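Inside the fold
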Amino acid sequence: MMDARIATAGVGGGAGTCAAGGFVWDVLLWRRGRADVSACLLAATVSSWLLFYGGLVRGYTLLSLASNVVLLLLTVLFLWAKAARLLNRPQPPVPELRVPQQAVDEAAALLRSALDAALDAFRDIALGRDSLLFYRAFLCLWSVSIVGSLTDFPAACYASIVAALTIPALYHRHQECIDTYMSFAYMNLRMYEMVYERLSMKSFLRVRDWIMELLKDP
C-alpha cells in the first residue's frame, strides 16, 4: 500500500518524479542494469564501516577523514593557482560545477511524494482504517527501537543503508513465500483482534449494566 501511494504521488508530480523514483527502486531492487550501482553502494558502506568502526583505522571518523581530504584538496589547488599566476603557467583544471535545476526538482518531488505517502499511512493507522499497515509499522518501529538501544546513531545509519540495499531485493526475489507467511500471520492477528473486541464489548456491557444497577438503587 505504501508503494502504491508513492507511485500514485509520483505520477501526479510529473515524469521527473517517476524517473527519479524508478531509478531509486531499480537501485534498491538490483534490477534494470543498476546492480553495479547497488553493489558499489553496498561495498562502499560495508568498507567504510569496517574502516572507521571496525578498528582498521584508528583516530579517524568518516566526517574527520572527509574534512581532511577536502582541506588537503583545497590547499593543493590554492597553492597551485597562486604558483601558476607567479610563473605564468596554466591554472588548475577545475570545472565549473553547478547543481542541475532538474535534479533538484526531481529530488524535491520525490521527497514530497514520500512524505505525503507517510502522512497518509499515519492518518490511516491513527483512524484505524488499515490493521495490516498498523502491524507493519509496529514491527518496523519496534525493530528500530531495539536497534537504537543496542548501537549508536552512525552505526544505525550504516545498518539502515545495508538493510535498504538488501531487504527489498530479498523480498522481491522471495515475495511469494514471504507473502504466504505474512498472510498466515495476519489471519492469526485478525483472529486475536476479533477475540479482543468481543471481550472488550462484553466487559463494557457488564460495566454498563453494573452502573445502571447502581443508579437504580435508592
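Report follows, based on the coordinates.

Scoring rules and cut-offs
- Residues numbered from 1 in each chain as written.
- Predicted model: local features only at pLDDT ≥ 70, side-chain atom pairs only at ≥ 80, totals over all residues.
- Heavy atoms only, no water.
- Helix = DSSP H or I, 4+ residues; strand = E, 2+ residues; numbered from the N terminus.
- Contact = heavy atoms within 4.5 Å.
- Areas by Shrake-Rupley, 256 points an atom, 1.4 Å probe, with all protein chains shown as cover.
- Salt bridge = Lys/Arg side-chain N within 4 Å of Asp/Glu carboxyl O.
- Buried < 20%, exposed > 50% of the residue type's maximum accessible area, 1.4 Å probe, protein only.
- Phe/Tyr/Trp six-rings, centres within 6.5 Å; stacked < 30°, edge-to-face > 60°.

This part is about the overall build of the chain. Counting its regular elements, the chain contains eight helices and zero strands. Ordered by position from N to C terminus, the α and β elements of the chain give α-α-α-α-α-α-α-α. Taking all contacts inside the chain whose residues are at least 6 apart in sequence as the whole, residues at least 24 apart take part in 58%. Counting only carbon and sulfur atoms, one obtains 69% of the accessible surface of the chain, whose full area is about 17,100 Å².

One pass over the full model with this rule turns up four salt bridges. A salt bridge links arginine 98 to glutamate 96; the nearest nitrogen and oxygen atoms lie 3.0 Å apart. Comparing arginine 98 with glutamate 96, the two get one shared label, exposed. Aspartate 124 is the partner of arginine 129 in a salt bridge, and the nearest nitrogen-oxygen pair spans 3.4 Å. Judged by its relative accessible area of 55%, arginine 129 falls in the exposed class.

This part covers the packing of aromatic side chains. In the structure shown here, the tally under the stated rule is two aromatic pairs. Here phenylalanine 134 and phenylalanine 138 contribute two aromatic rings whose centre-to-centre distance is 6.2 Å and whose plane-to-plane angle is 40 degrees, an arrangement assigned as tilted. Of this pair, phenylalanine 134 and phenylalanine 138 both sit in helix α6 (residues 131-150), four residues apart, which is roughly one turn of the helix. On the accessibility criterion, phenylalanine 134 (39% relative accessible area) is partly exposed. The class for phenylalanine 138 is partly exposed, based on a relative accessible area of 48%.

Honestly, it's all geometry; don't read function into it.
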